[in-house]
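Chains, contacts and geometry: an overview
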Amino acid sequence: NSEDLAVVKAYLDAEPKDKLNPKMFGLAKERNIFIVSMESLQSVMLEREMLGYELTPFLNSLIKESFYFDQFYHQTGQGKTSDAEFTVDNMLYPLPSGAVFFTHSHNKYYSIPKQLKENGYYPVALHANDKTFWNREQMYKTLGYERFFSAEDYEVTAENSVGWGLKDIPFFEQSVEKVRVLPQPFYAKLITLTNHYPFTLEEEDRLIPQYNSNSKTLNRYVTTVRYMDEALKQFFDSVKAAGLYENSIFILYGDHYGISKKHRKAMAMFLGKEKLSAVDHVQLQRVPLIIHIPGVKGKRISSVSGQVDVKPTILHLAGNISLRGLGFGHDLFALNKPDFAVLRDGSFITENFVYTNGKCYNKRTGEKIDGAFCEPLKQQAQTHLKFSDKVIYGDLNRFAESRKKPHHP
Ligand code: GP9
Ligand code: MN
């Protein structure tokens with residue numbers, strides 16, 4: 001264990017340190033932070049029309065007034081939503097199998113909530129599912145959330161629920177009522193649910209028709225995506241009505257893919273392609289990341305990144321300089337942010353290359369190329385996953401007080 005710690009620390013210390021962007025550091029100081037996990041939302045659904053219907057009209061307008069990361073990848077494994085939460089909070093990868101929320105819920109972590117408390121934030125989580133699902137009740141305590149509003153804290157009836165539970169529109173409505181009375185500044189994580197497999201939705205909530213392909217799953221998915229978009233719009237309206245908008249920032253991320261490889265034929269048709277290539281499949285692992293800061297114009301950012309990069313980004317926006325804990329993320333606004341994302345299955349993406357299933361591809365053309373192009377980064381990708389696993393299996397954060405300090409802007 002102590003050997004592992006030394007090796008991991010040496011590796012992280014040798015990595016280039018983030019050169020923080022002085023225009024961004026502390027921009028959200030003392031503002032409330034809303035972070036929304038958008039269930040099963042893939043980037044490919046944004047800025048897209050189906051049979052003349054815009055699938056995400058609200059998000060499409062929001063990204064024009066936000067920092068929108070369009071080359072941002074999910075890094076989840078079997079722990080799905082909870083893996084995304086874990087990675088975002090801790091800048092560690094989830095585990096190669098099983099869900100870390102179950103298997104390592106008593107480790108020491110330097111999570112976002114814990115670190116934001118240093119800046120006087122009050123961290124809470126809101127999700128209208130049973131509190132024991134994914135072992136959240138225990139894990140949220142470990143991660144430092146002060147309060148978890150779960151299904152039992154919501155008014156859930158037959159009328160306002162579908163599929164997995166409370167629909168997103170009433171979920172957001174009731175959540176804003178809970179959040180508005182919290183001590184400020186708060187850090188509020190809200191987890192949506194309606195856009196979850198099998199994507200069922202009653203007629204009255206369908207704002208667009210279903211798609212028409214050989215995949216019933218994809219056909220329904222577009223309607224729940226459209227519904228979630230509407231729910232997000234109403235959420236922003238409620239936040240404004242509650243007088244919380246100006247003094248808050250909003251981080252919205254997709255947790256993982258919604259449409260699996262099994263539906264590749266229908267997905268190809270949906271995207272207007274004849275067939276999906278290996279590179280297309282990797283590109284379908286992109287999920288949206290939107291950082292909306294009222295009063296700040298924002299811009300589209302196309303450097304390659306992943307969920308592991310969210311924690312340093314949030315802490316630095318909040319003006320927190322002490323990035324603690326062993327982890328693998330980089331501030332997304334850092335002037336030297338590397339173009340790099342590692343997926344949990346060992347695939348990785350750089351500015352020019354995609355590596356997946358043991359093969360190296362030209363990202364632009366999709367052509368398979370000499371493995372030598374991917375070789376140096378293959379080592380780095382494997383090291384990230386292997387060392388992240390070591391941190392979790394060995395509970396190495398128990399011994400790691402703090403990590404490399406970034407250059408102060
Ligand atoms: C349930 C929600 C959805 O609480 O997190 O779970 P998923 O299957 O996507 O992990
Ligand atoms: Mn999910």
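Here is what the cut-offs are and how they apply
Within each chain, residues carry numbers counting from 1 in the order of the written sequence. Chains and ligands are labelled sequentially in the order written, the chains with letters from A and the ligands with numbers from 1. Since the coordinates come from a predicted model, pLDDT governs what is reported: local features require at least 70, and pairs of side-chain atoms require 80 or more to be given and counted, while whole-chain, interface and lining totals use all residues. Side-chain metrics in this entry use all non-hydrogen atoms of the structure; hydrogen atoms and water are not considered. Put simply, DSSP H or I for four residues or longer makes a helix, DSSP E for two residues or longer makes a strand, and each gets a number counted from the N terminus. Two things to know: the radius of gyration comes from C-alpha atoms, and the globule rule equals 2.2 Å times the number of residues to the power 0.38. Think of it in three bands: with a 1.4 Å probe and only protein chains considered, a residue is buried below 20% of the maximum accessible area for its type, exposed above 50%, and partly exposed in between. Residue contacts are counted whenever heavy atoms from the two residues lie within 4.5 Å of one another. Note that accessible areas follow from Shrake-Rupley with a 1.4 Å probe, and for residues the cover is restricted to the protein chains shown. When charges are tallied, Lys and Arg are placed among the positive residues and Asp and Glu among the negative ones, while His and the ends of the chain are skipped. A charge is said to be at NZ when it belongs to Lys, at CZ for Arg, at CG for Asp and at CD for Glu. In this analysis, strands are considered paired if DSSP registers two or more bridges between them. Note on geometry: axes are lines fitted to C-alpha atoms, helical ones only across the stretch in contact, with angles between N-to-C directions running from 0 to 180 degrees. For Na, K and Ca the donor cut-off is 3.2 Å, while for other metals it is 2.8 Å, and in both cases only N, O and S atoms qualify; water is not among them, so sites may look incomplete. Metal sites are grouped by the angles between bound donors: all angles between 85 and 135 degrees with four donors is tetrahedral, opposite donors over 155 degrees apart with the others between 65 and 115 is square planar for four donors and octahedral for six, and any other pattern is irregular. Remark: nonpolar core denotes a set of buried residues (Ala, Val, Leu, Ile, Met, Phe, Trp, Tyr, Cys) joined through side-chain atoms within 4.5 Å. We define proximity as follows: a residue is near a molecule or strand when any one of its heavy atoms falls within 4 Å of that partner. The definition of a polar contact used here is a pair of N or O atoms within 3.5 Å, where within protein one atom must be able to donate a hydrogen and the other to accept one, and adjacent residues in sequence count solely through side-chain atom pairs. Each residue is assigned to one of three groups, with Ala, Val, Leu, Ile, Met, Phe, Trp, Tyr, Cys and Pro labelled nonpolar, Asp, Glu, Lys and Arg labelled charged, and all others, Gly among them, labelled polar.

Helix and strand content of the chain: 12 helices and 19 strands. Radius of gyration (C-alpha) of the chain: 20 Å, near the 22 Å computed for a compact globule of 409 residues. Taking the principal axes of its C-alpha atoms as reference, the chain extends roughly 60 × 55 × 40 Å. For the chain, the proportion of its 409 residues judged to be buried stands at 62%. Here the analysis covers contacts within the chain between residues at least 6 apart in sequence; of these, 75% occur between residues at least 24 apart. With the model as given, the accessible surface of the chain reaches about 16,200 Å², and the carbon-plus-sulfur share is 49%. Mean positive and mean negative side-chain charge positions of the chain (51 and 48 charges, respectively) differ by 5 Å.

This brings us to the sheet that holds strand β10 (residues 186-191). In space, the eight strands of this open sheet follow the order β7-β6-β10-β1-β11-β12-β4-β13, with mixed pairing throughout. Of all strands in the sheet, those with a lone pairing partner are β7 (147-149) and β13 (300-301), marking the two edges. Two strands pair when backbone bridges link them, and strand β1 (residues 32-38) and β10 are joined in this way by five bridges, in the parallel orientation. Its bridge partner being in β10, S37 is matched across the sheet by I191. Each of β1, β10, β11 (248-254) and β12 (289-292) is contacted by helix α8 (residues 216-241), which is oriented at about 170° to β1, the strand it contacts most.

A word on the coordination of the manganese ion (ligand 2). Donor atoms from the polypeptide that bind the manganese ion (ligand 2) are E39 (OE), E39 (OE), T81 (OG1), D255 (OD) and H256 (NE2), placed at 2.1 to 2.4 Å. Coordination at the manganese ion (ligand 2) is irregular, judged from the six donor atoms that bind it and the angles of 56 to 164° they form at the metal. Linear spacing of the donor residues for the manganese ion (ligand 2) on their chain is E-x41-T-x173-D-H. A residue pair is termed long-range when its members are at least 10 positions apart, and E39 in the loop between β1 and β2 (49-50) and H256 in the loop between β11 and α9 (264-270) qualify at 217 residues. The same class applies to E39 and to H256, which are both buried.

In this section: the nonpolar core. Judged by nonpolar contacts, the single largest core of 66 residues is most densely connected at I33, F69, L116, Y187, I291 and I314. Ranked by the residues each element gives to this core, the list is headed by helix α12 (residues 375-393), at five residues. Counting 58 residues, the second-largest nonpolar core is a separate cluster that includes L59, A188, A231 and I290.

What follows concerns the site of ligand 1. Within the structure, ligand 1 sits among E39, K80, T81, H127, N129, F133, W134, R136, W164, L193, H196 and H256. H127 is positioned such that a nitrogen or oxygen atom in its side chain is 2.6 Å from an oxygen atom of ligand 1. In this structure, H256 approaches ligand 1 through a side-chain N or O atom, which is 3.1 Å from an oxygen atom. When the free accessible area of ligand 1 is taken as 300 Å², the share hidden by the protein chains comes to 95%. Split into classes, the residues belonging to the shell around ligand 1 amount to four nonpolar, five polar and three charged.

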